Every structure is written in C-alpha cells, then in structure tokens.
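Commentary on secondary and tertiary structure
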Amino acid sequence: MSTFLLILITGVGLGALYFLVASGLSLIYGLMGVLNFAHGAFLTIGAFTGLWISTKVFPNPTTWTFIAAMFAGGIAAGLFALLMEQLVINRLYNRHIDQALVTVGVSLVVTALIGGWFGFDARFLPTPLWFMKAVTIGEAIIPIDRFIYIGVAAILLTAMLSILKFTRIGLIIRAGVENRSMVSALGINVRLAFSTVFFIGGFAAGVGGVLISVFSYGVSPLMGGSWLIYGFIVVVVGGMGSVTGSAIAAMLIGITNQFANYYLTGLGDFVVVIILAAVLLTKPSGLLGKVNH
Amino acid sequence: MLRWKYSRPLLIAITIIFAVLPFLGSNPLAKAGLQQTMAVAFLFGALALTYDLLFGFTGLLSFGHALYFASGIYVTAILINDFNWHFLLAILGAIIFTSVLAALTGGAALRTTGITFAMVTLAFGQAGHVFISRDFGGFTNGDDGLPVNPDRLPDFFIGVVNTKYLYLLALGILVFIYFAAWWITESSAGRVFAALRDNEQRVSVLGLNPNRFKLLSFVLSAAMAALIGAVMLIVSGSGSPRYAAADITIALLLMVILGGPVTRWGAVLGGILYSVLSTRLNVLSEGTAFDSLPSFIGGPLSEPAFTLGLIFILIVMFAPGGISGAYYRARFKYLNKGK
C-alpha cells in the first residue's frame, strides 16, 4: 500500500511537470495551428535562467530565491516566446508547415547556442534544503518535491483557466480556438491573442524547466528535446486547444508511466505510446479536442 | 545556365567522376578518411531522397522515418550475428521486416492527418528509439551499439585499405535509390501521390482510396530506408541507438528543405551537403579555427547545429524551395529573358 501511494503521488508529480510543458503547446496549436517544436527550447531557456538566478544572483538558496528563480525562468522563456512569435512566426502567416519547420530551426539554434556557451554536461541547480526532505503519509514515505510540482502546476492551471474564463483576452483566445476567421471577421485583433498565448505558453514551459531541473537533478541544453516529445503525446491525448484536456491527459500519462515502470519493469515509455495509439484509434481528436484545423 | 537536355548527362558525368576519383591517386578522394565521410554522405543523400518521397512528393510530414532506417540497420545486424544468415539474405530479411513494421505503424498513424500524423509518427519513432537503447529482449546491445560480426561480411568490405569499395557500394546504392525514386514518382501511383499532396479531396472524388496510396508511399519509402540502413551497417560497421533518434528524422527534414523538395536531385544534394558540412564543421571546431574569436561567438559557431539551424531558418523564411528551387527560378528567368 505504501509503495502504491508513493508511485501514485510520484505519477501525479510527473503529470504536473508534463502539464507545464503541454498546456502552452496545446493553446498555441489550438489558436494558431502552429506545432511548436521550439517549446523544448523555451523549457531549456527557463531552466538556465533559473540556474543563473540560483547560483550567480542568490548563491544561498532559500524558499524565496527558488520562487524568484521560477519566476525569472518563466519570464525569460515567455519573453523569448514572444520574440520568436513577433520575428519569425508572424511573418509566415497561415503557412502552417513552414511555421512548424521554422520552430525546428529555432530549437536547433537555441540548443546549440546554449550548448556552445555552457557546455552539454548537466549542471546541478541548488535548491533550499527542505526540498530534500520527505513526508510520511500513513506508512508511505514520500519525497517532498512531488508536492511542489503538483502545487505549482495547480496554481498555473487555475491562473490559466481564470485568464481564459474571466478576461477579455481570454474570451478572444477561446473564441479563436473555436473559429479564428470568424473572430477576425468581427473586427477583433487576434494578433494580440497570438502574442498572449505565446507568452503564457512560454512562461509555463519556463517554470516547468526550473522544476524539471530539480526533478531530474540537473540542467542541460538537451533537456528540452526529450521533454518536448512527452508534451506532444500529452497534447494529442488531451486534445488540441484544451487546457483542461492537457491537465487530465498529463495526469493519466504521468500516473500510468510510473505504474508501468514499477510493475512492468521499465516499460513506462511503451505503455505511454500504447495509450496514445489507443486514444487516436478510438477518438482521433483526443479526449477533449476542440480543433479541426 | 544549363539547358534541360544537358543536365541529365551532367548528372551522369558527375557520378562517373565520383566513381573513378578514388582510383586515380593524388587527389583528396584517394584517402580513406574522405572516402568514409563521402560514403556516409551518399547514404544520407539517398535517405533524404526517401524522405522527400514521403514529405515532398506525397505531402506526408512524418517525424518517425528514422525508425525504419534503424530497423534496417539492426535487423540486418541481428540476422547476421545471431542467426548466421548470409549478409545478402539478411538485408532482404531486414527490408521485408521493415516493410511489415511500416505497414502496421503507418496504417495506424494514417488514421490521422496533418500535424497529428506528425506527432503520432514521432511517438512511434520514439518508442523504437527506447526499444533499441534500453535493449529489450537482449537483441540490440543498448547504448553501447551493436557491431556486425566482420567475419560474416565479404573480405573486400573489411579494413581501411578497402574503404574505397565501401565508398563505391554507397555510391551504387545512391544511384539505385535515385532510379527507384524516379521510377516511383513518374509511375501512375506516383502521380496519385502528387495529387494527394495537392488536393486529397479530388483524389477521393475520382474514386481512388487516398489512404491506400498514402500507405503505399509510406511503406515504399520505409523499405528503401531499410536498404540504406543495411548498407550503413556495412559502411560504419555497427548499429547505434543514435540512428533511431528523432534527431535523424529532423536532420532529414533539414536536408530536404536545404536542397529543395520535389526535385529528387535537390534532396540528394541537400543530404550530401548537410552530412559533409556537419562532419567538416565538427573538424573545424576541434581545430583552432574559432580560437581567435571571443568565446560567446566562438562557442556556438563550433556547434554545427547552430550554423545549420540558422541556414535552415533563413531558407524557410526567405528562400522556399532551397537550392534546387533557386536553380529552377534562375533557369526560368534565363529562358524567358528574350520574351
């Protein structure tokens, strides 16, 4: 039972990290039809900014400096996402394949740039000491970092849903996901919604990057690429354009991955691909898919 | 500027020059090092062409093509090492196995279209990469790579002295794949592939089943990728999980965009250029070429992916059609100059 609980909570924690990567991908694709291969690069930029804050700016890690590192990572990644949208994506308006291709190029350049500056070896991101502790629930001993991932993801999920539900720009984004041309036809500036979505997606990925550095005990230029693939899988399973769908799919995949790894000795990645195939064969638009571009 | 009737003889002449250079003494290609680099480059040129068949000609953006290339490498190696098959028979076995694998995975993936198709193929490719690098079933030797048993290969493919025969083998496969792709794209099925890319709805209105032809294109390009993989095994001597990684498929995409899709020779040229550039840029970066530059410029410049990625972005944004596209535009202008 205690093992079960440990695996379950670890799975939810992993799912929380998947959600941070996938939510932005899903919104960007849902609104603009852009398959963003540079999302992994956003994550890496966030992680390296977090590393810089927690080693150079505040060398003694406390809870507050870690929160600062997460914010800085999110904002750096969000600004980079905004810059990319303005300089590159905007100029390829409605050329969806070219937009996807150009993000592949951006991700290569960013990975090589960061690798060239900092090297490809993983670096340790210092965290406050209490991150290493564990809590006891019943008989289960559970490392405390799991709860941090879940808490941060829950806050960002609430924030995103509130923006989508209660603000004007959120309304435009939701309408744009349903039917972009109709929104423009009504004389509403969709471009602003594009930029917002890129910033929000980049921010979530950047925060995710800092947390993933804690989860995988290191920051490396290559981390973005490997997490991006899971982000894609979560987005496809959850359905394009749906933040809630991404959250559900991220939990489903995180938990299954952990249980399969434990009970089927390391077959987690396979089971994830099988879930993907099963969802696509029964419901090609994903669990809560809204878009048919 | 060349006329059309001269360009085919030109291709043949270039091929013959490349074929005889290693045997003529005192030129760079007489050295085994460059022969090996060029052999790998020829194979990537051929592989880029099989990807062009899928992406350029049929309009299917797959991110899992590396799976079938790696399947060709590993199945050949396993059949030779563990089952003692003759190497030619093992290559045939690998092609058949890969075709079945492509029919199954492609059949599932083709239930989706567009970007979702890209993601599903990416996931299949990733599953293949995990399978090879984690060594499930004890067939693939995991991250250490799987060397092919040299005793089971013909003697003239073994040893540094014989690199020129590997070079010729790779060049021969490139020519073979070039003619196969030519034949496929000019056949009636090839016309349907192009029609699917341009307007799928009209193809179904004409009474043809789009998915059947997409699957045909998918399986044909996978089978050719498997053949190239088997030859890559002989040329490089061992399989590595690197060959199954999504990076390979992304590199193929870069090659096709660099050279220009739908022209056949564009993809081949892009593949050869990309392959040579990424090896040569590596050599440059290990030397002292960038030492005089400040480290914040020199560091990224010594990463081939930085330069190649930048070229790639510029081509997609400002020069769609790549090298061959630019050539045809220039030729069109030249031919219409007097009019």
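The structure displayed is predicted, hence computed values, not measured ones. (Residues numbered from 1 in each chain as written. Chains lettered and ligands numbered in written order. Predicted model: local features only at pLDDT ≥ 70, side-chain atom pairs only at ≥ 80, totals over all residues. Heavy atoms only, no water.)

1. Structural notes on the overall build of chain B
In terms of regular secondary structure, chain B is built from 14 helices and two strands. Here the C-alpha radius of gyration of chain B, 21 Å, is about what a compact globule of 339 residues would show, namely 20 Å. C-alpha extents for chain B along the principal axes are approximately 60 × 50 × 45 Å. Scored against the burial criterion, the 339 residues of chain B give a buried share of 53%. Within chain B, residue pairs in contact and separated by at least 24 positions form 76% of the contacts whose partners lie at least 6 positions apart. Element-wise, carbon and sulfur atoms account for 67% of the exposed surface of chain B, whose accessible area totals about 15,400 Å². (Helix = DSSP H or I, 4+ residues; strand = E, 2+ residues; numbered from the N terminus. Rg over C-alpha atoms; globule rule 2.2 N^0.38 Å. Buried < 20%, exposed > 50% of the residue type's maximum accessible area, 1.4 Å probe, protein only. Contact = heavy atoms within 4.5 Å. Areas by Shrake-Rupley, 256 points an atom, 1.4 Å probe, with all protein chains shown as cover.)

2. Quick look at the packing of aromatic side chains
For the coordinates displayed, the defined rule picks out 31 aromatic pairs over all chains. Taken together, a centroid distance of 5.6 Å and an interplanar angle of 55° make the contact between A:Tyr18 and A:Trp227 tilted. Remark: A:Trp227 occurs in helix H9 (residues 223-238) and A:Tyr18 occurs in helix H1 (residues 2-32); sequence separation between them is 209 residues. Grouping aromatic residues by their ring pairs yields a cluster made of A:Tyr18, A:Tyr149, A:Phe215, A:Trp227 and A:Tyr230. The ring of B:Tyr243 is capped by B:Arg242, whose NZ or CZ atom sits 5.1 Å from the centre of that ring. (Phe/Tyr/Trp six-rings, centres within 6.5 Å; stacked < 30°, edge-to-face > 60°. Lys NZ or Arg CZ within 6 Å of the ring centre and 35° of its normal.)

3. As for unusual backbone geometry
The residue A:Tyr217 is not glycine, and still its phi comes out positive at about 55°. Residue A:Tyr217 is classed as exposed on the basis of its relative accessible area, which comes to 61%. Positive phi is not limited to glycine here, since B:Arg264 has a value of about 65°. Structurally, B:Arg264 is set in the loop between helix H10 (246-259) and helix H11 (265-286).

4. Brief notes about the environment of A:Phe194
Residue and element names in this part refer to chain A. In this structure, phenylalanine 194 sits in helix H8 (residues 190-215). According to the relative accessible area criterion, phenylalanine 194 is buried, its value standing at 4%. When the C-alpha positions of phenylalanine 194 and leucine 280 are compared, they lie 28 Å apart, and in sequence the two are 86 residues distant. Once you skip the residues sitting within four places of it in the chain, phenylalanine 194 turns out to touch Leu31, Met32, Glu85, Tyr93 and Arg180.

5. Looking at the packing of helix H11 (residues 268-282) of chain A against helix H5 (residues 114-134) of chain B
Interaxial distance between H11(A) and H5(B) falls to 10 Å at its minimum, and their mutual angle equals 155°. One finds that H11(A) runs roughly antiparallel with respect to H5(B). Where H11(A) crosses over H5(B), the two elements pack in a sense that is left-handed. Residues A:Asp269, A:Phe270, A:Val273, A:Leu276 and A:Leu280 of H11(A) form the contact with H5(B), whose participating residues are B:Thr116, B:Val120, B:Ala123, B:Phe124, B:Ala127, B:Val130, B:Phe131 and B:Arg134. When grouped by side-chain class, the residues that make up the contact of H11(A) with H5(B) number ten nonpolar, one polar and two charged. (Axes fitted to C-alpha atoms, helices over the stretch in contact; angles between N-to-C directions. Parallel < 35°, antiparallel > 145°, perpendicular 65-115°, else oblique. Left-handed = near helix turned anticlockwise from the far one by under 90°. Nonpolar A, V, L, I, M, F, W, Y, C, P; charged D, E, K, R; others polar.)

6. Regarding the confidence of the model for chain A
Per-residue confidence for chain A gives a mean pLDDT of 89; residues scoring 70 or more make up 99%. The least confident element of chain A is H11(A), whose mean pLDDT is 81; the most confident is helix H3 (residues 63-87) of chain A, at 95. (pLDDT = per-residue confidence, 0-100.)

7. Brief notes about helix H5 (residues 145-166) of chain A
Helix length check: H5(A), at 22 residues, gives a terminal C-alpha distance of 31 Å against a target of 32 Å (1.5 Å per residue), a fit within 8%. Of the surrounding elements, those touching the buried residues of H5(A) are H1, H3, strand E2 (140-143), helix H6 (168-178), H8 and helix H10 (243-263) of chain A. (Expected span 1.5 Å × (residues − 1).)

8. What to know about the interface of chain B and chain A
With 38 residues of chain B in contact, the opposing surface of chain A contributes 36 residues. Both faces considered, chain B and chain A share a buried interface measuring about 3,300 Å² in area, 84% of it formed by carbon and sulfur atoms. If you sort the residues of chain B by the area they bury against chain A, B:Ile115, B:Met119 and B:Met317 come out on top, with a joint share of 19%. At the surface where chain B touches chain A, the tally comes to zero salt bridges. Joining chain B to chain A, the criterion identifies one residue pair in polar contact (both at pLDDT 80 or more). When residues of the side of chain B that touches chain A are traced back to their parent elements, those giving at least two are H5, H10, helix H12 (295-301) and helix H13 (304-318) of chain B. Per-element accounting of the side of chain B that touches chain A gives the leading share, 13 residues, to H5(B). A per-class count over the side of chain B that touches chain A returns 29 nonpolar, six polar and three charged. (Buried area = accessible area lost by both parts, 1.4 Å probe. Salt bridge = Lys/Arg side-chain N within 4 Å of Asp/Glu carboxyl O. Polar contact = N/O pair within 3.5 Å; in protein donor to acceptor, adjacent residues only side chain to side chain.)

9. Quick word on the packing of helix H2 (residues 32-57) of chain B against helix H9 (residues 210-236) of chain B
Residues and elements named next belong to chain B. Between H2 and H9, the least distance of the axes is 9 Å, while the angle of their chain directions is 170°. Between H2 and H9, the angle falls in the class roughly antiparallel. Where H2 approaches H9, its residues Gln36, Ala39, Val40, Leu43, Phe44, Ala46, Leu47, Thr50, Leu53 and Leu54 are matched on the opposing element by Ser217, Phe218, Ser221, Met224, Ala225, Ile228, Val231, Met232, Val235 and Ser236.

10. Overview of empty space enclosed by the protein
Residue and element names in this part refer to chain A. According to the stated counting rule, one finds four cavities of 30 Å³ or more in the structure shown. In this structure, the largest cavity occupies an estimated 80 Å³ of space. Lining of the largest cavity is provided by Met32, Glu85, Ile89, Asn90, Tyr93, Asn94, His96, Gln99, Arg180 and Phe194. When the residues that make up the lining of the largest cavity are grouped by side-chain class, the tally is four nonpolar, four polar and two charged. (1 Å grid on protein atoms, 1.4 Å probe; cavity = no way out; pocket = protein on both sides within 12 Å on 5 of 7 lines; lining within 4 Å. Points joined across faces, edges and corners; volume = space filled by probe spheres on them.)

11. Here we look at the pattern of salt bridges
Counted according to the given criterion, the structure contains six salt bridges over all chains. Notably, a salt bridge pairs A:Arg146 with A:Asp145, separated by 3.2 Å at the nearest N-O pair. For the pair A:Arg146 and A:Asp145, one class covers both residues: buried. Note that B:Arg197 and B:Asp198 form a salt bridge whose closest N and O atoms lie 3.1 Å from each other. A relative accessible area of 30% means that B:Arg197 is categorised as partly exposed. Its relative accessible area of 57% is what places B:Asp198 among the exposed residues. By sharing partners, the salt bridges in this structure join B:Glu186, B:Arg191 and B:Arg264 into a single network.

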